[in-house]
Amino acid sequence: MIWKCLHRTLDLSSRGEIMGILNVTPDSFSDGGRYGTLDRAVARAAQMLEEGAAILDIGGESTRPGAAEVSVDEEKTRVLPVIERLHCEHPEACLSVDTSKAEVAAAAVKAGAEIINDVTGFRDPDMIAVAAESGAGVVVMHMKGTPRTMQAEPSYEDVGREVAAFFEDRFEALVAAGVEKEAIVFDPGIGFGKTLQHNLELLRHPERLRVRDRPLLLGVSRKSFLGKLTGTESAEDRDWSTVAVTSMAREQGIALHRVHEVRANVEAIRMTEAMLPGA
Ligand code: HH2
């Protein structure tokens, strides 16, 4: 199983990869404001690469429920200098931009990003056009509603079926617009318009989310459902429960993991891979 991302191809057939989160926002739920200056963001990125992240996901707008909206210009001002500098100083890193805005995505790819991670799942035709024209890898995430509305009593008849149907629909739209099949990765969007039970149902049956044989990416890192199950109030105390999910998800075949704490999750996937039958 491969993932084509602009200038490189990741081979995920027997090796998963960690995507380190770099939020250059003042208000992200667990690390908001921490990497707000260029030097601090670049230093954090270097640390994550050192710890084994193959991909860095740079985001300039928080998606937490009720977060303030950010203009195109503001988002560009936040993410582009970081991407430009990382592209120059760490050409080995595969850079991803976490955005739902086509203009930001296009500028980020120009600046050196090779992946577009869109939490709205490429519902905007302009985003699809940027993906097709650029040749970037794409992360199609499922979200019910918008960040503002998503946690207002989300309900599904069958969450797994609905998420898989969304992936199928987006796959058709992206491929019809000229995006290569091998550039597409799917993400069930844990916590995006989902209750605790919906999140658990998705995690129990990742095989139901496997659409068109494309890899899955999972973003559970420090999310509130972990706190509900383990009683950890503070997001930073949820790294151990994150690692537990990463290990099990890797065992179930999920290759890509978007996390804040890189080293522990890299070790988790390498250990799991070593124990898989036939390794
Ligand atoms: N989760 C968040 C943001 N982007 N992208 C993908 N593909 N999958 C996810 O699960 C996902 C995502 C939310 O987490 P975080 O970036 O830590 O917080 P915030 O949105 O507040 O910046």
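The paragraphs below set out a description of the structure included in this document. Nothing here was measured: the structure is a model prediction, and the numbers come from that model.

The secondary structure content of the chain amounts to 9 helices and 10 strands. Seen through its C-alpha atoms, the chain measures out along the principal axes to roughly 45 × 40 × 40 Å. In the chain, once contacts between residues fewer than 6 apart in sequence are set aside, the share between residues at least 24 apart is 68%. Accessible surface for the chain amounts to roughly 11,800 Å². Of this, 52% is attributable to carbon and sulfur atoms. Across the chain, the centroid of the 32 positively charged side chains sits 2 Å from that of the 44 negatively charged ones.

Attention now goes to the packing of aromatic side chains. Tallied over the entire structure, the rule returns 2 aromatic pairs. Aromatic pair F166 and F167: ring centres 6.5 Å apart, planes at 55°, arrangement tilted. Classification of F166 as buried rests on a relative accessible area of 16%. Taking the relative accessible area as the measure of exposure, F167 reaches 0% and is therefore buried. Taking 4.6 Å as the distance between ring centres and 20° as the angle between the ring planes, the aromatic pair formed by F167 and F186 counts as stacked. Here F186 lies in strand β8 (residues 184-187) and F167 lies in helix α5 (residues 159-176), a separation of 19 residues in the sequence. Site record: aromatic cluster; members linked through ring pairs are F166, F167 and F186.

Moving on, we get to the pairing of strand β10 (residues 256-259). Taking every second residue as pointing to the same face, both faces of β10 are buried, with L256 and R258 on one and H257 and V259 on the other. Examined bridge by bridge, strand β3 (residues 17-23) and β10 share 4 bridges and lie parallel to one another. Of the residues in β10, the one forming a bridge with E17 is L256. Looking at chain direction, strand β9 (residues 217-218) and β10 are connected through 2 bridges and run parallel. Pairing of L217 across the sheet is with L256, part of β10.

What follows covers the pattern of salt bridges. Under the definition given, this model contains 22 salt bridges. Between D57 and R258 there is a salt bridge, and its shortest N-O distance comes to 2.8 Å. Here R258 lies in strand β10 and D57 lies in strand β4 (residues 55-59), a separation of 201 residues in the sequence. For R258, a relative accessible area of 15% puts it in the buried group. The partner of E61 in a salt bridge is K101, and the shortest N-O contact between them spans 3.1 Å. In this pair, E61 sits in the loop between β4 and α2 (72-89) while K101 sits in the loop between β5 (94-98) and α3 (102-111), placing the two residues 40 residues apart along the sequence. Beyond isolated ion pairs, a larger network of salt bridges with shared partners links R15, E17, R250, R270 and E273.

Before going further, it helps to examine the side chain of S241. With respect to the helices and strands, the residue S241 is situated in helix α8 (residues 239-251). Engagement of the side chain of S241 in a polar contact is seen with the backbone oxygen of R238, the distance being 3.2 Å. In this view, S241 contacts L226 and T230; residues no more than four positions away in its chain are not counted.

Here we come to helix α4 (residues 125-134). Every buried residue of α4 is accounted for by M127, I128, V130, A131 and S134. Each buried residue of α4 lies within a common arc of 160° when the element is viewed along its axis, so the set occupies one face. Among the exposed residues of α4, those oriented more than 90 degrees off its buried face are P125 and E133. For α4, the elements touching its buried residues are α3, β6 (115-118), β7 (137-141) and α5. Immediately beyond the C-terminal end of α4, within one or two residues, lies G135, with a positive phi of roughly 80°.

Scoring rules and cut-offs
- Residues numbered from 1 in each chain as written.
- Predicted model: local features only at pLDDT ≥ 70, side-chain atom pairs only at ≥ 80, totals over all residues.
- Heavy atoms only, no water.
- Helix = DSSP H or I, 4+ residues; strand = E, 2+ residues; numbered from the N terminus.
- Contact = heavy atoms within 4.5 Å.
- Areas by Shrake-Rupley, 256 points an atom, 1.4 Å probe, with all protein chains shown as cover.
- Lys, Arg positive; Asp, Glu negative; His and termini not counted.
- Charge placed at Lys NZ, Arg CZ, Asp CG, Glu CD.
- Phe/Tyr/Trp six-rings, centres within 6.5 Å; stacked < 30°, edge-to-face > 60°.
- Buried < 20%, exposed > 50% of the residue type's maximum accessible area, 1.4 Å probe, protein only.
- Pairing = 2+ DSSP bridges.
- Salt bridge = Lys/Arg side-chain N within 4 Å of Asp/Glu carboxyl O.
- Polar contact = N/O pair within 3.5 Å; in protein donor to acceptor, adjacent residues only side chain to side chain.
- Arc of directions from axis to C-beta.

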